[in-house]
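An overview of the molecular structure
For reference, the chains in residue letters:
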Amino acid sequence: MTRLQPIYDIAELCAQKGLTQAILCPGSRCAPLTLAFTRHPSIATRTISDERSAAFIALGIAQQTQQPTVLVCTSGSAAYNFAPAIAEAFFQEVPLLVFTADRPKEWIDQWDGQTIRQNNIYGGHVKKSFQLPEDYDHIDAQWYINRAVNEAINLSREFPCGPVHINVPLREPLYPAKGEKFQFSPGVRITSENKLTTSLSRSEREELDQSLVGFSKVMVIAGQQEYNDALIKLVDRFSRKHHAAVVGDVISNFHGSENTIRFADSILGQGSKSVQESLQPELLITFGKSVISKNVKQFIRSHRPLEHWHIQPAGTVPDTFQCLTRVIRSSVENFFESLLAAEPAEKFENQKKSNYFHLWQAEEHRTQRSHADFFQETSFAEIAVLKEIIQSLPLRCNLHLSNSMAVRYANMIGLTPQQKGVHVFANRGTSGIDGCTSTAVGNALTSDVPTVLITGDMAFFYDRNAFWHNYNLPNLHIVVVNNQGGIIFGMIDGPGDLPESEEYFVTQQKLTAKNLAEEFGTNYILLDTLKKIKNSLKDFFNFEGTVKILELISNQKTAKEAFNKFKLTIKKGYDS
């Protein structure tokens, strides 16, 4: 056995446990890990030079494959560059298996090159951090390396999924000796773990059934989650049987249901106080992760239900709406299946439930009419052009939305039930702009369907190294809304009125995506006038096997005016 055999066998263990994707960042200290993964026939490896971008690309791959992506870097500050994506993966509950090469412990704090304090470097933003031994001669050290990696993989997959860190101190020499045979050990030990199968007991079902009957105004909020057709159908049946209003913003992926309230943000943001009071729930049922809408969160916090049930099989449960009364430890599917068997309320109570359901539907239809009134006017404002783009999406595609205005625009515009094949992704774990493009790149690397990213100029240029690699992205098309700054700070209350706003909050910039497209050899489409829209979108949505960047040249003043007019049109719908 070679000295580094226990390290080489980490790749074999990963492969045996079904991990097939690895992102490797260049470096010398990580050479044993790099060789192990690149030489393993069952693992697809890619090298990305910018560690921050690499980690977000790994995140995008894991989102798509639903399996932990292996992530490897050298020692020193390289490990810190993984941190933003690891935090995003932690809060978005995406599995990553992160290996950071390190110096032996005696060289820490000795001014040795590329040496920092890496043990537990990611703190509370990983599910667990493991420290491997520096020397592998003793059989106990070999056993521990195997055990730690087994546990790390199992833990990354355990609900809620998330990143797990393994710090790997490595002594020189780091490369195989000339003529040394490189191989993987046969029969590496595998520690398996059964999946969590949480379901309600009979007594729990009966208790929930009885409680449900007692509420006349039932509201369901679906948080961020991946598209799940079976769950949508279950919740839809529950909604019809028990007259529950189902609210889901664009990242909930619930737009495939006809009954989903998609415009709650506009309804609650522009509706009168009396409208909000009439929509106050008695029972709130939630599942999934975060919601985009500040209006929805503020509405529930100020119009608290009598009870709030959150469905989550395991893990820490946030109290986003400040009214949590019951945590239901069940799979979401099992919960709704169980309550579908419940008897509906008596006729009078059932009518009251129906009234509440139809009240939400009436407000949804009112907002849809206001939308139609606003968008019937031809305009080159950002929100109007993005409406055209979103309406033109392929019927089956992955839609990535960057943070700040892009995800908010998409939420206000909405997707239709006919667009159920559009699956939405957004980095709403930490809601940062730093890796939105790289995440879409990772998705595109492992998906055969079109991947469309809608992003702003600040997020796009901040993450320009997403393209700094040698891999083809035949299905990736990107819309860059370039208004030369962080326009959201001119739209939200507070910074827009400050004298420092333009320089220190909006942060004006003068870059164009054309130069980046030329640098990285991608196709570029300029959209800068109203009359170009039809031909530009036809070209943009023609998937020809190359990356396409469509740059929408916008104006901050026009964008802000259109945004305010949009909200005013919805408000007028309530005044008429």
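Look up: the structure comes first, before these words.
About the thresholds
- Residues numbered from 1 in each chain as written.
- Predicted model: local features only at pLDDT ≥ 70, side-chain atom pairs only at ≥ 80, totals over all residues.
- Heavy atoms only, no water.
- Helix = DSSP H or I, 4+ residues; strand = E, 2+ residues; numbered from the N terminus.
- Rg over C-alpha atoms; globule rule 2.2 N^0.38 Å.
- Buried < 20%, exposed > 50% of the residue type's maximum accessible area, 1.4 Å probe, protein only.
- Contact = heavy atoms within 4.5 Å.
- Areas by Shrake-Rupley, 256 points an atom, 1.4 Å probe, with all protein chains shown as cover.
- Lys, Arg positive; Asp, Glu negative; His and termini not counted.
- Charge placed at Lys NZ, Arg CZ, Asp CG, Glu CD.
- Pairing = 2+ DSSP bridges.
- Axes fitted to C-alpha atoms, helices over the stretch in contact; angles between N-to-C directions.
- Parallel < 35°, antiparallel > 145°, perpendicular 65-115°, else oblique.
- Nonpolar A, V, L, I, M, F, W, Y, C, P; charged D, E, K, R; others polar.
- Phe/Tyr/Trp six-rings, centres within 6.5 Å; stacked < 30°, edge-to-face > 60°.
- Salt bridge = Lys/Arg side-chain N within 4 Å of Asp/Glu carboxyl O.
- Left-handed = near helix turned anticlockwise from the far one by under 90°.
- Polar contact = N/O pair within 3.5 Å; in protein donor to acceptor, adjacent residues only side chain to side chain.

With that settled, the discussion passes to the overall build of the chain. Helix and strand content of the chain: 22 helices and 17 strands. In terms of overall size, the chain behaves like a compact globule, its C-alpha atoms giving a radius of gyration of 26 Å where 576 residues would be expected to give roughly 25 Å. Dimensions along the principal axes, computed over C-alpha positions, put the chain at roughly 85 × 65 × 45 Å. Burial statistics for the chain: of 576 residues in total, 56% are counted as buried. Partitioning the contacts of the chain with sequence separation of at least 6, the portion at a separation of at least 24 is 78%. Of the roughly 24900 Å² of accessible surface on the chain, a fraction of 49% belongs to carbon and sulfur atoms. Here the chain contributes 58 positively and 61 negatively charged side chains, and the mean placements of these two sets differ by 3 Å.

This brings us to the sheet that holds strand β14 (residues 451–456). If you walk across this open sheet you meet the 6 strands as β13-β12-β14-β15-β17-β16, and the pairing is parallel. The open sheet terminates on both sides in strands that have one partner only, identified here as β13 (422–426) and β16 (523–527). For this sheet the average axis-to-axis angle between neighbouring strands, irrespective of direction, equals 20°. The pairing of β14 with strand β15 (residues 476–482) spans 6 bridges and is parallel.

On to the packing of helix α3 (residues 51–65) against helix α5 (residues 83–92), then. Close contact between α3 and α5 brings their axes to 8 Å; oriented N to C, the two are set at 25°. Judged by the angle between their axes, α3 and α5 are roughly parallel. From α3, Arg 52, Ala 55, Phe 56, Leu 59 and Gln 63 reach across to α5, where they touch Pro 84, Ala 85, Glu 88, Ala 89 and Gln 92. Classifying every residue of the contact of α3 with α5 gives 6 nonpolar, 2 polar and 2 charged.

Following the criterion strictly, the structure yields 18 aromatic pairs and no others. A ring pair is formed by Trp 309 and Phe 335, whose centres lie 6.5 Å apart and whose planes are at 85°; its orientation type is edge-to-face. In this pair, Trp 309 sits in strand β10 (residues 307–311) while Phe 335 sits in helix α12 (residues 332–340), placing the two residues 26 residues apart along the sequence. For the pair formed by Trp 309 and Phe 335, the shared burial category is buried. Between Phe 335 and Phe 336 the ring centres are 5.0 Å apart and the planes differ by 85°, which places this aromatic pair in the edge-to-face class. Each member of the pair, Phe 335 as well as Phe 336, carries the same accessibility label: buried.

A word on the environment of Asp 319. Checked against the element boundaries, Asp 319 lands in the loop between β10 and β11 (326–328). Spatially, the C-alpha atoms of Asp 319 and Val 246 are 19 Å apart, while their sequence positions differ by 73 residues.

In this fold, Asp 209 is placed in helix α7 (residues 202–213). The side chain of Asp 209 sits in the buried core without any salt bridge; Arg 205 is the nearest counter-charge, 6.2 Å away.

Relative orientation and spacing of two packed helices are given, respectively, by the angle between their axes and the distance between those axes. Contact geometry for helix α1 (residues 5–16) and helix α6 (residues 139–157): axes closest at 10 Å, N-to-C directions at 30°. The orientation of α1 relative to α6 falls into the category roughly parallel. Like other packed secondary-structure pairs, α1 and α6 cross with a definite hand, here right-handed. On the side of α1, the interface is formed by Pro 6, Ile 7, Ile 10, Leu 13 and Cys 14, while α6 contributes Gln 142, Ile 145, Asn 146, Val 149, Asn 150 and Ile 153. Its residues assigned to classes, the contact of α1 with α6 comprises 8 nonpolar, 3 polar and no charged.

By the secondary structure assignment, Lys 289 is in the loop between β9 (283–287) and α11 (294–302). Contacts of Lys 289, omitting those with residues within four sequence positions, involve Phe 91, Gln 92, Glu 93, Gly 223 and Gln 224.

Burial analysis of strand β3 (residues 69–73) places 5 of its 5 residues in the buried class, which makes it a mostly covered element. With 3 bridges joining them, strand β1 (residues 21–24) and β3 adopt parallel strand pairing. The residue of β3 that forms the bridge with Ala 22 is Val 70. Pairing of β3 with strand β4 (residues 96–102) involves 5 bridges; the strand directions are parallel. Within β4, the residue paired with Thr 69 across the bridge is Leu 96.

Looking now at the side chain of Gln 312. Tracing the chain through its elements places Gln 312 in the loop between β10 and β11. Note on Gln 312: relative accessible area 7%, which makes it buried. A polar contact of 3.1 Å, which involves the side chain of Gln 312, links it to the backbone oxygen of Thr 316.

The subject of this paragraph is the sheet that holds β4. With parallel pairing, the 6 strands of this open sheet are ordered in space as β2-β1-β3-β4-β6-β5. Single-partner strands in this sheet number two, and they are β2 (44–47) and β5 (129–131). Put simply, the sheet's adjacent strands are angled 20° from each other on average, direction ignored. Alignment of β5 against strand β6 (residues 163–169), held across 3 bridges, turns out to be parallel. Residue pairing across strands places Phe 130 opposite Ile 166, the latter belonging to β6.

The next point concerns the pattern of salt bridges. The final tally for this structure, using the stated rule, is 17 salt bridges. Put simply, Glu 151 and Lys 128 hold a salt bridge, and the shortest N to O gap is 3.0 Å. Separated by 23 residues along the polypeptide, Glu 151 in helix α6 and Lys 128 in the loop between β4 and β5 bring together distant segments of the chain. Looking at Glu 151, the relative accessible area reads 25%, which means it is partly exposed.

Inspection of the secondary structure assignment puts Ala 152 in helix α6. Expressed as a C-alpha distance, the spacing of Ala 152 and Leu 96, which sit 56 residues apart in the sequence, is 9.6 Å. Once you skip the residues sitting within four places of it in the chain, Ala 152 turns out to touch Leu 97, Phe 130, Val 164 and Ile 166.

This part covers unusual backbone geometry. Cis rather than trans, the peptide bond between Phe 159 and Pro 160 has omega equal to -10°. As for its placement among the helices and strands, Pro 160 is situated in the loop between α6 and β6. In this structure, the amide linkage connecting Glu 172 to the following residue, Pro 173, adopts the cis form with an omega of 0°. By secondary structure assignment, the location of Pro 173 is in the loop between β6 and α7. One non-glycine residue, Gln 114, lies in positive phi territory at about 50°. Relative to the helices and strands, Gln 114 is located in the loop between β4 and β5. Backbone geometry at Asn 120 places phi at a positive 60°, although glycine is not the residue there. Note on placement: Asn 120 falls in the loop between β4 and β5. Taking relative accessible area as the criterion, Asn 120 reaches 46% and is therefore assigned partly exposed.

Interpretation in functional terms is not warranted from these geometric data alone.
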